[in-house]
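# Descriptive structure summary
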There are 2 protein chains.
Amino acid sequence: MKKRIRFNYVEKHSPILDNPGLWKYPGSEAHRYSSLSYWTELAVKLEKACFDGLFLGDALGVYDTYGGSKDAAVREGLSLPIHDPTYLIPAIAAATKHLGLAVTCSLTYDHPYAMARRMSTLDHLTEGRLGWNIVTSNLESAARNFGLDTQIEHDTRYDRGDEFMEVCYKLWELSWEDGAVVQDADSGIFADPSKVKDIGHEGPFFRVPGIHLCDPSPQRTPVLFQAGSSKRGREFAARHAECNFLNAITPEETRHLISDIRSRAEKYGRKAEDILFFPRVVPVVGATEEEARDKLDRYFSFLSTEGTLALLSTWTGTDLFGYTADRLHAFVERKSGGNAYISDYLQRAHPGKQWTIAELARLYAFGGMGNVIVGSPEQVADRLESFIDETGADGFNIGYISRSESLTDFITLVLPILQQRGRAQTEYSEGTYREQLFDRGPYLPASHSGKKVKL
Amino acid sequence: MKKRIRFNYVEKHSPILDNPGLWKYPGSEAHRYSSLSYWTELAVKLEKACFDGLFLGDALGVYDTYGGSKDAAVREGLSLPIHDPTYLIPAIAAATKHLGLAVTCSLTYDHPYAMARRMSTLDHLTEGRLGWNIVTSNLESAARNFGLDTQIEHDTRYDRGDEFMEVCYKLWELSWEDGAVVQDADSGIFADPSKVKDIGHEGPFFRVPGIHLCDPSPQRTPVLFQAGSSKRGREFAARHAECNFLNAITPEETRHLISDIRSRAEKYGRKAEDILFFPRVVPVVGATEEEARDKLDRYFSFLSTEGTLALLSTWTGTDLFGYTADRLHAFVERKSGGNAYISDYLQRAHPGKQWTIAELARLYAFGGMGNVIVGSPEQVADRLESFIDETGADGFNIGYISRSESLTDFITLVLPILQQRGRAQTEYSEGTYREQLFDRGPYLPASHSGKKVKL
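The name that an unreviewed UniProt entry assigns to chain A is N5,N10-methylene tetrahydromethanopterin reductase, with the source organism given as Cohnella abietis. Quoted verbatim from the Sequence similarities (unreviewed entry) heading of the UniProt record, the comment on chain A is "Belongs to the NtaA/SnaA/DszA monooxygenase family."

The following block contains the structure:
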C-alpha cells in the first residue's frame, strides 16, 4: 500500500507569508492577521479538508539584512508586524476537534521552566493536539533586543538547546507520575505527593530543582518539530525531532537531508520511521496547466522585487542591496541552482532572455526555500506523489501565495484527487496529534531521547 | 448619582481558588480547570450578567512554606497544578464580545521584549479587552526554578519592575506612531518606515535598542492592574496601576490603602479618579440569612484544615506546621484581627467556645485576605453598597467558595438587586476594557507615567 501523505498548512501570525507584495492581491486578507476570526475560519476550513495540522511559523526579530535597515521589512509587511503565534492555539482549539496545531517557539531567549509550563498548558487546552516547532533563532536583532551584544554562537545555541530540552523532558515526563492526580473525595486527596517528584536538574546552562507546575497533559511532551539544516541542527533534529520541516529546493537535496538525519538518529537508538519529514511546497493550481501559469503570472504582477530581495538577504545572510542584475544572477545560481521549477518555467517561456533584477527575484520568489509546483490538479497531485516516493518524505508543509485563494484551490482541486487515489485522508482517526501522525500511542516512543532522561 | 459598582470575577487556572478542600464539594467542577469549555462557559455566564471583567490570578511557584514541603499543596490541589492563565484569554475572547480580561503575569522572571509582544498580541486578539495584573512574584520556589539561589531582594524587584514597565511603554506607546500602518495598495506601502521607531532603551536592567514587533493594539497599553500592598508596592501602584486589587480585611484598612495610594499617585501628576480600587470579597448568599449561614456551614464541612494552614503559611510567610490551637489563635489575631465577619459569626454562634485548630482555620478560610460576606440577597447587596460608600472603592473582585454555585447565587440573587438600585450595569457600553471602566478613550490618559516616557 502506498504511504499516506500527511499535510500541514503553513501560516505566520503576520500580514504575509514569504510572499512579498501579495498583501495587495485582491482577497488576500492580509489585514485580518491579528483578528481571531481569520484564524478560526482558517482552522475550520483545514479541518473540513482533513489536513493533519496547521503549522505556525515565527521570528523574534526583524528582517533587516537588506541595506542594513528595517525599512524594507516595514514597508513590505515582511514578517513584520509579527505577533506571538502561541495565542492563536486556544481559540483554534475551541473551534476545531481534530486539527493538529504545531507552533514555532524559539528557546534561545526563554527559560525551560516557563516554556514547559506554556506547552503543557496548551497541550491540556487542545486535548493533546499540540506540536512544538523548536527553533534557536538566527536573527541578530532578536539577540540585541534581548539585551545581548550579538547572538550566542551557533553551536552553543544548540548545546544550550539540548539541555533546555532535557529540562523540559524531566518536567513533562518524570515530575508527575501516571496516577499522581487521584481526585479522591473520600480520602480528601487531590494529588498524591509521593508521585510528584522534584527534578533536581543541574547543568551548565540551567538549574531547576523543583516540580513541574502542570499535571501531565494528554501527550506529556508535545509533538516535536524541528527544521535545522546545518550539521549541528541536523544532529539536534536526530536527537529530538519527531517531525522535520524541510526547506530544500530539489528532490535530491531533500532525499539527502532525510537520509542524513535518519542515519544520525540511529546513533540515538531511534528508528527511521520515528521521524516524519515534511518538505515545504507551494502549489499553484489551475483547472488546466495554462490557467495555473496565468495564475502564477498574475501573482508575479503583485510581487515586490524589493521585498523579495529583503527576504533573500535575510535568508542567505547576504545584503543584496545595490546588486546589479549580473551579480544577483550569479549569486542566486551559486546559492542554490535557483528554484528549478520556476526557473525552468521562465526560461521556457522566454528563451535567451536577459534577466532584470525584478525578473530574477521571481526565480526565488514564493517558493523561497521550498518548491513552487505549478500545474493542473492532476499535474500537481502527480508531482506531490512522486516527490514523496522519490525522496522518502512523509508529507508536506503547504505554503501559499494568495492567502485565501491558494488554499481554496488546493482543497477543491488537488486534495480530492489525492483522496481518491488513497493518498490523503478523508476522515480523522481518533486521538492526539501524535497518535494521528504515527498510528501509535499518545506519548513519545521509548526510543526517543525524551524517554531516556533520568532524575 | 451614586457611583456605579464595577465587578470583576476572580479565577485561577488551577483546581481551586484559595478554598482548600472545596474541590470535593458537589458540582465544584474542580476537574474542569484544564478544559477550555469550563472557561468559555464561565465567560459567557459572566458576560450575560454584565460583569466588567474576569480577573485571572497566577503563581509561578509552589505553596511550600507549610512544613517546608510541597506535600500539603500537592495533596490539596492548592494552587497546584497551576497552568499558564494567559492561554485562556484567546478562547474566551472568541466566545464573548464585551467582557474585560485581566490576567496576572509576573515580570520578575521574564523579559520586557517578550512580555510586550505577548500583551500586544492578546490586546489585538481580544480587540482591546486586555488587562494585565502586574506582579513581581514572592515565592522562593519560583526564584529557585528560574535558576536563582534565592529571590531578588523585594525593593530591587520593584526597581527592576519600574524599568521593565518603561521598556514596555516605549514599545507600546512610542515605537509605532499612529498611522504607521497604511496598507496602501496603490503605493505598495504596508507600513511607513518613517513612523516606526527604534526605542533605543538602555538602563541598569535592560537594553532594548529596536522596534516593537507588533503594530499598535486597540488599547496600545493593556489596562494595568496591580495588587502590591507593601510600601514599595504601593509606590509602584501609584506610578503604574489603573486598577488596584486590594486584599485588605477591614473597611478601615481598605480606606487607608486607597487614600495612601491615591496621594502617592498625585506625586506623579495623576488624579484620584485615575486609579480604580477593587477590594476582594467572597459573597455567601442564601434566600434568607439563615439559608446563607447554613450554606456557609455546609462549605465549612468540606474545608480542609491542613489546606487552610498551608495557604495561611504561604500568605504570611510563617510556617504554621505543628502550631497548637493557642499559638495559632494568637498568630491569627495578631496578624490581622481575624476576618471580622466570619469571626463575629462564629463567636455569636458559639459564645465562650474553646477553639480547636480546625475551627480556627475557619477564621481565615475562604475570605483569605479579603472579606467573606454572608447573608440574604438584600443584606449582601447592602453590605457591598456600604462598603463602596465607606471606603471610596470603585468595585469588587468577586471570589468564590464553590466554583459554580457561588457565582450562580451571586448572579441570580444579588446582582439583580444592585441593578435595580442603579449600582450595577445592565448592559455594556461600547469600546475597549479601558473605555468601559473609565468612560474615556481607549488609551492611557496623558497623566499616566506610560504617556510620559520619551525616546
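## Looking at the UniProt feature "binding site: FMN" (unreviewed entry) in chain A
Residue and element names in this part refer to chain A. What UniProt calls "binding site: FMN" (unreviewed entry) maps, in this numbering, to D58, T104, H154, Y158, S229 and S230. The topology assignment puts T104 in strand β3 (residues 100-106). In this structure T104 comes out as buried when scored by relative accessible area, which is 2%. Once residues lying within four places of it in the same chain are set aside, the contact partners of T104 are F55, L56, G57, D58, P85, N133 and V135. Polar side-chain contacts of T104 include one of 2.7 Å to the backbone oxygen of L56. For H154, the location among the structural elements is in helix α6 (residues 154-174).

## Here we look at the pattern of salt bridges
One pass over the structure, following the stated rule, counts 68 salt bridges over all chains. Note that K451 of chain A is salt-bridged to E173 of chain A, the shortest N-O span being 2.8 Å. Note that K451 of chain A is positioned in the segment after α16 (433-438) and E173 of chain A in helix α6, a separation of 278 residues in sequence. Exposure remark for E173 of chain A: the relative accessible area of 9% places this residue in the buried category. Two residues, R207 of chain A and D149 of chain B, come together in a salt bridge whose shortest N-O distance is 2.9 Å. Of this pair, R207 of chain A sits in strand β8 (residues 207-208) while D149 of chain B sits in the loop between α5 (140-145) and α6 (154-174), which puts the two residues in different chains.

## Regarding the side chain of E173 of chain B
Residue and element names in this part refer to chain B. Of note is the side chain of E173, whose polar atom sits 2.6 Å from the side chain of T221. Polar side-chain contacts of E173 include one of 2.8 Å to the side chain of K451. Other than its neighbours up to four places away in sequence, E173 contacts R220, T221, L444, G450 and K451.

## Remarks on the nonpolar core
Core analysis: the biggest nonpolar cluster contains 262 residues, and F7, F51 and W132 of chain A together with F7, F51 and W132 of chain B have the highest contact counts within it. Not counting residues up to four positions away in its chain, the partners in contact with F51 of chain A are F7, N8, Y9, L46, L99, I398, L407, F410, I411, L415, Q425 and Y428 of chain A.

## Some words on the packing of helix α8 (residues 251-267) of chain A against helix α14 (residues 377-391) of chain A
Residue and element names in this part refer to chain A. With their axes 9 Å apart at the nearest point, α8 and α14 run at an angle of 40° to one another. Here α8 lies oblique to α14, going by the angle between them. Two packed elements cross with a definite hand, and for α8 against α14 that hand is right-handed. Note on element contacts: α14 touches α8 through R383, F387, E390 and T391, opposite P251, T254, R255 and I258. Here the contact of α8 with α14 is built from residues that sort into 3 nonpolar, 2 polar and 3 charged.

## Digging into a negative patch on the surface
A contiguous patch of negative charge, built from E290, E291, D294 and D297 of chain A, is present on the exposed surface. Tracing the chain through its elements places D297 of chain A in helix α9 (residues 289-302).

## Quick look at unusual backbone geometry
In the segment running from L80 of chain A into P81 of chain A, the intervening peptide bond is cis, with an omega of -10°. Inspection of the secondary structure assignment puts P81 of chain A in the loop between α2 (71-76) and α3 (88-95). Unusually for a residue other than glycine, D439 of chain B sits at a positive phi of about 50°. Relative to the elements of secondary structure, D439 of chain B occurs in the segment after α16 (433-438). With a relative accessible area of 63%, D439 of chain B lands in the exposed category.

## Here we look at the relation of the copies chain A and chain B
You can overlay chain A on chain B at an RMSD of 0.0 Å; the transform is a turn of 180° with a shift of 0.0 Å along its axis. The relationship between the two copies is best expressed as a two-fold rotation axis. Closest approach to the rotation axis among the C-alpha atoms of chain A is made by A91 of chain A, whose C-alpha sits 2.0 Å away. Looking at chain A, 100% of its interface residues are interface residues in chain B too, so the copies touch through the same face.

## With respect to the packing of aromatic side chains
Using the criterion set out here, one finds 47 aromatic pairs over all chains in the structure. With a centroid separation of 5.2 Å and an interplanar angle of 70°, the aromatic rings of Y25 of chain A and Y299 of chain A are classed as edge-to-face. Here Y25 of chain A, found in the loop between β1 (6-12) and α1 (36-48), pairs with Y299 of chain A, found in helix α9; they are 274 residues apart in sequence, far enough to count as distant. For the pair F387 of chain A and F396 of chain A, a centre-to-centre distance of 5.9 Å together with 55° between the ring planes defines the contact as tilted. You'll find F387 of chain A and F396 of chain A in the same group, each marked buried. A connected cluster of aromatic rings, assembled from ring pairs, spans F7, Y9, F51, F387, F396, Y400 and F410 of chain A. Residue placement shows R327 of chain B over the ring face of Y323 of chain B; its charged tip is 3.9 Å from the ring centre.

## A word on the side chain of S79 of chain A
Residues and elements named next belong to chain A. Tracing the backbone shows S79 in the loop between α2 and α3. Side chain to side chain, S79 and K12 meet in a polar contact 3.2 Å long. Residues contacting S79, with those up to four places away along its chain left out, are K12, S14, A59 and Y63.

## Regarding the environment of R262 of chain A
Residues and elements named next belong to chain A. Counting through the fold element by element, R262 comes out in helix α8. Sequence separation between R262 and P222 is 40 residues, and the spatial gap between their C-alpha atoms is 21 Å. Dropping the residues within four chain positions of it, R262 is found in contact with A272, I275, F277, G392 and D394.

Calculation rules
Residues numbered from 1 in each chain as written. Chains lettered and ligands numbered in written order. Predicted model: local features only at pLDDT ≥ 70, side-chain atom pairs only at ≥ 80, totals over all residues. Heavy atoms only, no water. UniProt positions renumbered as here; feature names shortened; annotations may be inferred. Helix = DSSP H or I, 4+ residues; strand = E, 2+ residues; numbered from the N terminus. Buried < 20%, exposed > 50% of the residue type's maximum accessible area, 1.4 Å probe, protein only. Contact = heavy atoms within 4.5 Å. Polar contact = N/O pair within 3.5 Å; in protein donor to acceptor, adjacent residues only side chain to side chain. Salt bridge = Lys/Arg side-chain N within 4 Å of Asp/Glu carboxyl O. Core = buried A, V, L, I, M, F, W, Y, C linked by side-chain atoms within 4.5 Å. Axes fitted to C-alpha atoms, helices over the stretch in contact; angles between N-to-C directions. Parallel < 35°, antiparallel > 145°, perpendicular 65-115°, else oblique. Left-handed = near helix turned anticlockwise from the far one by under 90°. Nonpolar A, V, L, I, M, F, W, Y, C, P; charged D, E, K, R; others polar. Patch = residues over 30% accessible without salt bridge, like charges linked within 9 Å, V, L, I, M, F, W, Y side chains within 5 Å. Areas by Shrake-Rupley, 256 points an atom, 1.4 Å probe, with all protein chains shown as cover. Lys, Arg positive; Asp, Glu negative; His and termini not counted. Charge placed at Lys NZ, Arg CZ, Asp CG, Glu CD. Least-squares fit on C-alpha atoms with pLDDT ≥ 70 in both. Phe/Tyr/Trp six-rings, centres within 6.5 Å; stacked < 30°, edge-to-face > 60°. Lys NZ or Arg CZ within 6 Å of the ring centre and 35° of its normal.

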